[in-house]
Amino acid sequence: MSALPLAHTDELSLWDALPSPVLLLTRDGLTRRVNRAFSALTGLSAVAAQGAGWQRVFPDGSRGGLLAALKHGDGFSLQLSLLRAVGAASDLPREAWIDCAAQWHAPLELWICVLHDTSQAKRAELAACSQAEQFRLLANSVPALIACYDAREQRCLFANQPYAQTFGQDEQSIIGLQIAQVIGEAAVRQIQPQLDAVLQQRRAVVYERRLARADGDTQWLEVHLLPQLAADGRVIAFFVLISDITRHRLAEQAVRESEERLGKFMQASAEGIVFHKDGFITDANAPVSALVGYGLDELLGRKTLDFVAPDQAGKVAAVIVSGQETAYESALIDKSGQRIPVEFIVRTMVRGGERLRMTIVRDIRDRHAAQAHIHHLAHHDALTGLPNRLAFMSEIDQLMARAREACEPLALLFIDLDHFKRVNDSLGHPAGDALLQTVAQRIGAVLRASDVVARFGGDEFMVLLGGGPRQEDVIDVARKLLAAIEVPLHAEEGRPISVTPSIGIAMFPGDGQTPAELIKHADTAMYRAKARGRATYQFFDPALASNAYAALVMEGELAQALERGEFVLHFQPQVRAGDGVLVGAEALIRWQHPERGLLLPDQFIPLAEQQRLMLPIGDWVMREAARAARRWHDEGVCSVPVAVNLSAMQFQAPDFVATVARALQDVGLPGRLLELELTERMLMDELPEVGGKLAQLKALGIRLSVDDFGTGYSSLGHLKSLPIDKMKIDRSFVVDLPEARGSVAIARAIIQMARSLDITVIAEGVENESQRIFLAHELCDELQGEAISPALSLRAFDIWAGRAAAG
């Protein structure tokens, strides 16, 4: 049977453009056609898959099940496995798992089979089973009895093998038994106070039990009861960990007896005293034993040099031989192998008719620790504990010298936290300090032990990667740092706060021969990252230096652009999704640069925000937009609100509401014809302050819209407490509608949430008819984008609105 022809080339392109693998089969299991996605999945070309050729990628079991299903019925769904052909992409595993959904198409007398690759989920399932088995093996191997009971009925949910066997059960039979059935009613009554503390007070409990063994000896058990809490704080289960600590208790008892014996000896001194003759210990007091960790019986008769650090043995031996009375610093090695700095004060005396050497042993660890602490304070940041600028400059100097000798590269990463000042201003310095400490910990967790990290000052961190890193290695580290730092943390009030980092990267030796030069260029690259939208990384490029100069020039031009009247507004229509009626317009600023032509906002707004020029520019935009709306209304062009984007700097200005009210009054525009668009991040500041400011705006009749909704971290509880009129679905969720399942789910969720809150929802970035149809079908209220109209000059908008009104 020949391949099924398609009517047109366009239909063939559409067939091969289907994202899911599809094949058309007869009831006998012969292929009529496969698409390109099927070939990509299996490694079979369309020719090789013809007839029964497709069957060779399916193992016997899957092939037989599929062929049997094809014989009967008009629809089925199967889970299958396949082995990709030799021609499959080399980066794909050979074995794969798929779901096959098939529907019989009677007119063509063919099965339409759509395949979905479920390999990732299948491998995750296998990995989870492996991890569970590893956990059980680990639990059965630890020297402790472990069990878990549910909190409500106190029935066993899990027990390791030692626990189950201790109480006459196995790992399966013990499951579901109540704790009284396991350890007995009497034992439960004895530990009831501890159980109550865990279940009612939700705290961990540790207690000991003394049991009499059959041989008459005493056994000590240490029992840990640990509550497992649900997300709402309820105790849903508790863990039991039982350890036999008899050996430890007996050891403690032996130590106490030894201490009582030694305590009667040389009680006059709190410092260690050792008597030795010809270098052999004849007596010692308790402080010496405590210091080195040896009992008196372990010390007597031993050479003094046995306890001296090897690098100090020569000096100590010389003092012993000379017989001199002196004081000097040295070091001992205690029983655990730890080095202990000490001071020896040596004297010669006669005791019991023998000439002995007496050495006072003074522990000077605290002295050294104090000295080390002073040194640490001088070279480390007090807040984060990281090396400070002084220590880092010393370290980078040494590492660059070594790298130069070894002809190896280094990578310097300059990390600056974006908008960190906003955290301090809105939540206070304690929250800012906590955020800096968390960021420092996250940076350290990403790096290797050989890498260097320092707090350079304020919200700036330095990372130096040694070991000859390649550029791809540096990129990997930068991406990990971006991902680690931007994870939100919870402030004291429980509100999530987060910052993103901008990272500049300079490589030694190419980007600098000295520490100062390397740091300067990393700093330049970091500012380039901020200019690119922040939350990213940039490598230093020699062109950046000239770009920095160009930015400086643009900064001067930007400051004069308002005075010269170089800014203009374009307006993009917003229409009702159901019938296309004009319902609003968004005002979008452009810069008519005298040399570079018409510049879009992303080419100058970030610089304006950095240089605090957004306040006068934002005020100009609002007034010009208000004048346009007033003229439309007066001349009968249209009577719809004009939407103006706000910057965070504008919204946070103390006199912002008064500025808006003054603009409305000066222009004579009713508040209902002005709509202000705020980002989610603006709404995340102090809720009472934000809510109060929004309430004042609403009192002026102004409509309030949340711009780019879905890209921030605002919560439903947060939004419903604010007087929001409209929320805008961000274009990033619209661009791949209706094909992308994730974007479809997000768009639907936003629309449904908006409707439940009685908030108008508008989608921006609607570029084509399929997007418009999908959003209208999903009951999105309003649409904006190229599919409706591009942003228009004021005159072009008048013409467009007139045509739209005429129908």
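Our structure's up above, just so we're on the same page.
The structure presented is a predicted model; accordingly, all values stated were derived computationally and were not measured.

Moving on, we come to the overall build of the protein. When helices and strands are tallied, the protein shows 28 helices and 31 strands. Relative to its length of 807 residues, the protein is extended, with a C-alpha radius of gyration of 38 Å against a globular reference of 28 Å. C-alpha atoms of the protein, sized along the principal axes, occupy 125 × 80 × 60 Å. Residues counted as buried form 44% of the 807 residues belonging to the protein. Within the protein, residue pairs in contact and separated by at least 24 positions form 54% of the contacts whose partners lie at least 6 positions apart. Only carbon and sulfur atoms are counted for the fraction: they give 53% of the accessible area of the protein, which is about 41,100 Å². Taken together, the 81 basic and 101 acidic charged side chains of the protein have centroids lying 2 Å from each other.

The next point concerns the sheet that holds strand β5 (residues 110-117). Read from one edge of the open sheet, 5 strands run β2-β1-β5-β4-β3, paired in antiparallel fashion. This sheet does not close on itself; its edge strands, each paired only once, are β2 (31-34) and β3 (75-83). For this sheet the average axis-to-axis angle between neighbouring strands, irrespective of direction, equals 25°. Alignment of β3 against strand β4 (residues 95-105), held across 9 bridges, turns out to be antiparallel. Looking at β4, one finds that L80 is bridged to I98. In this fold helix α3 (residues 60-70) packs onto β1 (22-25), β3, β4 and β5, with an angle of close to 160° to the strand it touches most, β3.

With that settled, the discussion passes to the sheet that holds strand β10 (residues 235-244). Spatial strand order, β7-β6-β10-β9-β8: 5 strands in an open sheet with antiparallel pairing. The outermost strands of the open sheet, each flanked by one partner alone, are β7 (156-159) and β8 (205-212). Each neighbouring strand pair of the sheet contributes to a mean axis angle of 20°, computed without reference to strand direction. Bridge count between β8 and strand β9 (residues 218-229): 8 bridges; the pairing is antiparallel. Note that in β9 the partner of R209 across the bridge is L221. Contacts from helix α7 (residues 185-201) reach β8, β9 and β10, with the element oriented near 170° to β8.

Let us look at the packing of helix α20 (residues 614-635) against helix α22 (residues 656-667). Look at α20 against α22: their axes get within 9 Å of each other, and the N-to-C directions meet at 35°. Here α20 runs over α22; the crossing is right-handed. On α22, the residues touching D619, M622, R623, A626, R627 and R630 of α20 are F656, T659, V660, R662, A663, D666 and V667.

Further remarks concern the pattern of salt bridges. Applying the stated rule across the entire model yields 42 salt bridges. The residue K726 makes a salt bridge to E675 at a minimum N-O spacing of 3.2 Å. Of the two residues, K726 is situated in strand β29 (residues 726-729) and E675 in strand β27 (residues 674-679); the sequence distance between them amounts to 51 residues. For the pair K726 and E675, one class covers both residues: buried. Its salt-bridge partner being K698, residue D725 comes within 2.8 Å of it at the nearest N-O pair. Here D725 is found in the loop between α24 (716-720) and β29, whereas its partner K698 is found in helix α23 (residues 687-699), with 27 residues between them in sequence. A relative accessible area of 17% means that D725 is categorised as buried. With relative accessibility at 30%, the residue K698 sits in the partly exposed group. Through salt bridges that share partners, E586, E677, K728, R731, E764 and E767 make up one connected network.

Turning to the nonpolar core, a few remarks are in order. In terms of nonpolar packing, the biggest core is built from 83 residues, with W632, F656, L676, L694 and M727 touching the most fellow members. A per-element tally of this core places α20 first, with 9 residues. Residues in contact with L676, not counting those within four places in the same chain, are M622, V644, L646, F656, V660, L697, I702, R703, L704 and S705. Counting 32 residues, the second largest nonpolar core, distinct from the first, contains L417, L436, I505 and F539.

This next bit is on unusual backbone geometry. In this structure, P509 follows F508 across a cis peptide bond, with omega equal to 10°. In this fold, P509 is placed in the loop between β21 (501-508) and α17 (515-531). Geometrically, the link from L737 to P738 is a cis peptide bond, its omega value of -5° lying close to zero. Within the secondary structure, P738 sits in the loop between α25 (731-734) and α26 (741-756). At D278, a position not held by glycine, the phi torsion is positive, near 55°. You can see D278 is positioned in the loop between β11 (272-277) and β12 (280-284). Overall, the relative accessible area of 66% leaves D278 in the exposed class. Positive phi, normally seen in glycine, also occurs at L779, with a value near 70°. Tracing the backbone through its elements, the reader meets L779 in the loop between α27 (769-777) and β31 (782-783). Given a relative accessible area of 48%, L779 falls into the partly exposed group.

The residue Q538 is located in strand β22 (residues 537-539) in this model. Here Q538 falls in the buried class, since its relative accessible area comes to 18%.

If you walk through the whole model with that rule in mind, you get 18 aromatic pairs. A ring pair is formed by W104 and W111, whose centres lie 5.4 Å apart and whose planes are at 65°; its orientation type is edge-to-face. One aromatic cluster is present, built from ring pairs that chain together F567, W591, F604 and W620. In this arrangement the basic side chain of R302 is found over the ring face of Y294, its NZ or CZ atom lying 5.8 Å from the centre. We note K693 situated over the ring of F651; from NZ or CZ to the ring centre the distance is 5.0 Å.

Further remarks concern empty space enclosed by the protein. Throughout the structure, instances matching the rule amount to 2 cavities of 30 Å³ or more. For the largest cavity, the calculated volume is near 250 Å³. Lining the largest cavity we find 20 residues, and of these V274, T304, F344, T359 and V361 sit closest to its centre. Among the secondary structure elements, those contributing two or more residues to the lining of the largest cavity are β11, β12, α9 (286-292), α11 (313-322), β13 (327-333), β14 (339-351) and β15 (354-363).

Time to look at the packing of helix α13 (residues 389-406) against α17. One can describe the packing of α13 onto α17 by two numbers: an axis separation of 10 Å at closest approach and a directional angle of 110°. Looking at the two axes, α13 sits roughly perpendicular to α17. For the pair α13 and α17, the contacting residues are F392, M393, I396, D397 and M400 in the first and P515, L518 and I519 in the second. Here the contact of α13 with α17 is built from residues that sort into 7 nonpolar, no polar and 1 charged.

This paragraph deals with the environment of L447. Mapped onto the elements of the fold, L447 is located in the loop between α15 (429-446) and β17 (452-457). Setting aside residues up to four positions removed in sequence, L447 forms contacts with V453, V463, L465 and V477.

Moving on, we come to the pairing of β17. Burial analysis of β17 places 5 of its 6 residues in the buried class, which makes it a mostly covered element. As paired elements, β17 and strand β18 (residues 460-465) share 5 bridges and run antiparallel to each other. Opposite V453, over in β18, you have V463 as the bridge partner. Between β17 and β18, which pair antiparallel and follow one another directly, the connecting turn spans 2 residues, one of which, G458, has a positive phi of 60°.

Conventions adopted
- Residues numbered from 1 in each chain as written.
- Predicted model: local features only at pLDDT ≥ 70, side-chain atom pairs only at ≥ 80, totals over all residues.
- Heavy atoms only, no water.
- Helix = DSSP H or I, 4+ residues; strand = E, 2+ residues; numbered from the N terminus.
- Rg over C-alpha atoms; globule rule 2.2 N^0.38 Å.
- Buried < 20%, exposed > 50% of the residue type's maximum accessible area, 1.4 Å probe, protein only.
- Contact = heavy atoms within 4.5 Å.
- Areas by Shrake-Rupley, 256 points an atom, 1.4 Å probe, with all protein chains shown as cover.
- Lys, Arg positive; Asp, Glu negative; His and termini not counted.
- Charge placed at Lys NZ, Arg CZ, Asp CG, Glu CD.
- Pairing = 2+ DSSP bridges.
- Axes fitted to C-alpha atoms, helices over the stretch in contact; angles between N-to-C directions.
- Left-handed = near helix turned anticlockwise from the far one by under 90°.
- Salt bridge = Lys/Arg side-chain N within 4 Å of Asp/Glu carboxyl O.
- Core = buried A, V, L, I, M, F, W, Y, C linked by side-chain atoms within 4.5 Å.
- Phe/Tyr/Trp six-rings, centres within 6.5 Å; stacked < 30°, edge-to-face > 60°.
- Lys NZ or Arg CZ within 6 Å of the ring centre and 35° of its normal.
- 1 Å grid on protein atoms, 1.4 Å probe; cavity = no way out; pocket = protein on both sides within 12 Å on 5 of 7 lines; lining within 4 Å.
- Points joined across faces, edges and corners; volume = space filled by probe spheres on them.
- Parallel < 35°, antiparallel > 145°, perpendicular 65-115°, else oblique.
- Nonpolar A, V, L, I, M, F, W, Y, C, P; charged D, E, K, R; others polar.

Purely geometric numbers; function is a separate question.
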